[in-house]
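Descriptive structure summary
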Amino acid sequence: MHADVQPIPGAVNEPWRSCQSLWPQEYRQTQAGPEARAYRDIYGFVQAKEVVEARNCSCATKAADWAQVERIASGLRQSTGTEVLKWVQTQEISDEADKLIAVAEVMCAGPF
């Protein structure tokens, strides 16, 4: 599937679930409510993109910048003419996140 992706030599993978001390407050706040799924989709995309681009598997990289999430969410609200994002508006982002997470897991030689 990702034949051209290789593990990063010497990479130390830190799974996201073990990074709770670095979770952005906004991430914690958006775990419930009408946009919870949409924000998880967007955040997963931003995280995976950061890990792949930085080639860094640490918690510091996986605790992505929340401002990027808000920019994407705002753009989606504007382009779709909706005030509350639902999974339908973030399905493509979720699909892209899944692809990037698969690459990150190969690069990091472990779970995202």
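Description of the structure in this document. None of the values given here were measured: they were computed from a predicted structure. (Residues numbered from 1 in each chain as written. Predicted model: local features only at pLDDT ≥ 70, side-chain atom pairs only at ≥ 80, totals over all residues. Heavy atoms only, no water.)

An ideal rise of 1.5 Å per residue puts 21 Å on 15 residues; helix H4 (residues 66-80) measures up with 21 Å between its terminal C-alpha atoms. Within the span of H4, buried status applies to Trp 66, Gln 68, Val 69, Ala 73, Leu 76 and Arg 77. Buried residues along H4 sit in contact with helix H1 (25-29), helix H2 (36-54) and helix H5 (87-108). Positioned one or two residues after H4, Gly 81 has a phi angle of 65 degrees, which is positive. (Helix = DSSP H or I, 4+ residues; strand = E, 2+ residues; numbered from the N terminus. Expected span 1.5 Å × (residues − 1). Buried < 20%, exposed > 50% of the residue type's maximum accessible area, 1.4 Å probe, protein only. Contact = heavy atoms within 4.5 Å.)

Another point: the environment of Ser 21. Relative to the elements of secondary structure, Ser 21 occurs in the segment before H1. Here Ser 21 falls in the exposed class, since its relative accessible area comes to 71%. In the structure, Ser 21 is positioned 42 residues away from Ala 63 in sequence and 9.6 Å away in space, judged by C-alpha atoms.

Another point: the pattern of salt bridges. The full count for this structure, using the stated rule, is 3 salt bridges. Between Arg 37 and Asp 41 there is a salt bridge, and its shortest N-O distance comes to 3.1 Å. You can see Arg 37 and its partner Asp 41 sitting in helix H2, 4 residues apart, about one turn around the helix. (Salt bridge = Lys/Arg side-chain N within 4 Å of Asp/Glu carboxyl O.)

Moving on: unusual backbone geometry. Within the chain, Arg 55 stands out as a residue other than glycine whose phi angle is a positive 55 degrees. Residue position: Arg 55 is located in the loop between H2 and helix H3 (59-62). Note on Arg 55: relative accessible area 46%, which makes it partly exposed. One non-glycine residue, Ala 109, lies in positive phi territory at about 55 degrees.

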